[in-house]
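# Secondary and tertiary structure notes
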Amino acid sequence: MSGETPITIVGNLSADPELRFIQSGVAVVNFTVASTPRTFDKQTNEWKDGDTLWMRCALWREAAEHAAESLTKGTRVIVTGNLMQRSFESNGEKRSVVEMQVIEVGPSLKNATAKVTRTGKSQTAPAAQASNDPWGAAPATTEPPF
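Please read these numbers as outputs of a predicted model, since none were measured by experiment. (Residues numbered from 1 in each chain as written. Predicted model: local features only at pLDDT ≥ 70, side-chain atom pairs only at ≥ 80, totals over all residues. Heavy atoms only, no water.)

### Brief notes about the pattern of salt bridges
Overall, the coordinates contain five salt bridges when judged by the stated rule. Note that Glu 46 and Lys 48 form a salt bridge whose closest N and O atoms lie 3.6 Å from each other. Overall, Glu 46 belongs to the partly exposed group, its relative accessible area being 40%. Residue Lys 48 is classed as partly exposed on the basis of its relative accessible area, which comes to 33%. Note that Arg 95 and Glu 93 form a salt bridge whose closest N and O atoms lie 3.8 Å from each other. (Salt bridge = Lys/Arg side-chain N within 4 Å of Asp/Glu carboxyl O. Buried < 20%, exposed > 50% of the residue type's maximum accessible area, 1.4 Å probe, protein only.)

### Examining the packing of aromatic side chains
Within this structure, the stated rule accounts for one aromatic pair. On the basis of an interplanar angle of 65° and a centroid distance of 5.3 Å, the ring pair of Phe 40 and Trp 47 is categorised as edge-to-face. A relative accessible area of 40% means that Phe 40 is categorised as partly exposed. (Phe/Tyr/Trp six-rings, centres within 6.5 Å; stacked < 30°, edge-to-face > 60°.)

### Some thoughts on the nonpolar core
Of all hydrophobic cores here, the largest spans 16 residues; its most connected members are Phe 31, Val 33, Cys 57, Val 79, Met 100 and Val 102. Residue assignment for this core shows that the elements contributing at least two residues are strand E1 (5–13), strand E3 (27–35), strand E6 (53–60), helix H1 (61–70), strand E7 (76–90) and strand E8 (93–107). Of the residues forming this core, the biggest block, four residues, is contributed by E3. When near neighbours in sequence (up to four residues on either side) are disregarded, Val 102 contacts Phe 31, Cys 57, Ala 58, Leu 59, Val 79, Thr 80 and Gly 81. (Core = buried A, V, L, I, M, F, W, Y, C linked by side-chain atoms within 4.5 Å. Helix = DSSP H or I, 4+ residues; strand = E, 2+ residues; numbered from the N terminus. Contact = heavy atoms within 4.5 Å.)

Structure follows, in structure tokens:
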């Protein structure tokens, strides 16, 4: 879509993701990513932290449930999505906030490991379809698949 402001943030979750379901039954998870830049000061020979960016994020539907199940407070994540500005009125005052509508989120593997478990179609695929999966189980022969 045109007119969107795409952004990618790497940082830590400030709290466990908050999963809820709207009236129609659609899942949404909200979380905040804290991203603090670090620079090396050659004069003092030490690292200095910059100002922390606290980005409120929202992720919808099945991915929301996966994020709530997989991520916890303190997890270093990589989040990509679009910045959105939302205006509202609170106690008679007009306010606005900038939030991120998340497209993808996952753990950073820089200082951690993760085990990925597929959900949905890949777990229920018939054996005939699964055998065509080049990333599936190794073939019974010792011949390469190409």
